[in-house]
Amino acid sequence: MEEVSFYRCTICHRVVSPWDIAEKGGCRNCGGTRIAPTNLSMVEKVVQIAKHPRVWTWKNELPQ
């Protein structure tokens, strides 16, 4: 199973998903474009699943 990469904004430290990058060009919170790869905490994983509930189709839905 392939993983989806998540990032963290270096300005406000919020999680930035690939969908945020495709739609907003960076962080939804502050608009920052300086992001770094990150590992999500358990709570952050739950939040991302709640925001994008069809986990099994994530790879197919990601912008190319």
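If you're wondering where the values come from, they're calculated on a predicted model, not measured in any experiment.

When you look at the overall build of the chain in this model, what are you seeing that I'm missing?
Looking only at helices and strands, the chain features 3 helices and 3 strands. Reading the chain from its N end, one meets helices and strands in the order β-β-α-β-α-α. Buried residues in the chain amount to 31% of all 64 residues. Taking as baseline every contact in the chain between residues at least 6 positions apart, the subset at least 24 positions apart corresponds to 49%. Total accessible area computed for the chain in this model is approximately 4700 Å², and 53% of it derives from carbon and sulfur atoms.

Just checking my understanding: could you explain the nonpolar core for this structure?
Soluble globular proteins tend to pack their nonpolar side chains together in the buried interior. Core analysis: the biggest nonpolar cluster contains 5 residues, these being Val4, Phe6, Val15, Trp19 and Leu40. If we skip the residues at most four places from it in the chain, Leu40 touches Phe6, Val15, Lys45 and Gln48.

Explain unusual backbone geometry here, please?
Of note in this structure, His13 is not a glycine but carries a positive phi near 65°. Assignment of secondary structure puts His13 in the loop between strand 1 (6-9) and strand 2 (15-16).

For this particular structure, what's the right way to read the state of the cysteines?
Note on terminology: disulfide describes a covalent bond linking the sulfur atoms of two cysteines. Scanning all chains against the criterion turns up 0 disulfides. Distance from the sulfur of Cys9, which forms no disulfide, to the nearest cysteine sulfur (Cys30) is 3.6 Å. Cysteine Cys12 shares no disulfide, and the gap to the nearest cysteine sulfur, in Cys27, comes to 3.5 Å. Residue classification places Cys12 among the partly exposed residues on the basis of a relative accessible area of 23%.

Can you help me understand the side chain of Ser17 in this one?
Here Ser17 lies in the loop between strand 2 and helix 1 (18-24). Since its relative accessible area comes to 0%, Ser17 is described here as buried. Excluding its chain neighbours within four sequence positions, the residues that come into contact with Ser17 are Phe6, Gln48 and His52.

Please explain the pairing of strand 1 as it appears in this structure.
Consecutive side chains along a regular strand alternate between the two faces of the sheet. The pairing of strand 1 with strand 3 (residues 35-38) spans 4 bridges and is classified as antiparallel. Note on strand 3: the bridge partner recorded for Phe6 is Thr38. The sheet contact formed by strand 1 and strand 2 spans 2 bridges and is antiparallel. Bridging across to strand 2, Tyr7 finds its partner in Val16. Hairpin connection of strand 1 to strand 2: 5 residues between the antiparallel strands, including His13 at a positive phi of 65°.

Cut-offs used in this document
- Residues numbered from 1 in each chain as written.
- Predicted model: local features only at pLDDT ≥ 70, side-chain atom pairs only at ≥ 80, totals over all residues.
- Heavy atoms only, no water.
- Helix = DSSP H or I, 4+ residues; strand = E, 2+ residues; numbered from the N terminus.
- Buried < 20%, exposed > 50% of the residue type's maximum accessible area, 1.4 Å probe, protein only.
- Contact = heavy atoms within 4.5 Å.
- Areas by Shrake-Rupley, 256 points an atom, 1.4 Å probe, with all protein chains shown as cover.
- Core = buried A, V, L, I, M, F, W, Y, C linked by side-chain atoms within 4.5 Å.
- Disulfide = S-S within 2.5 Å.
- Pairing = 2+ DSSP bridges.

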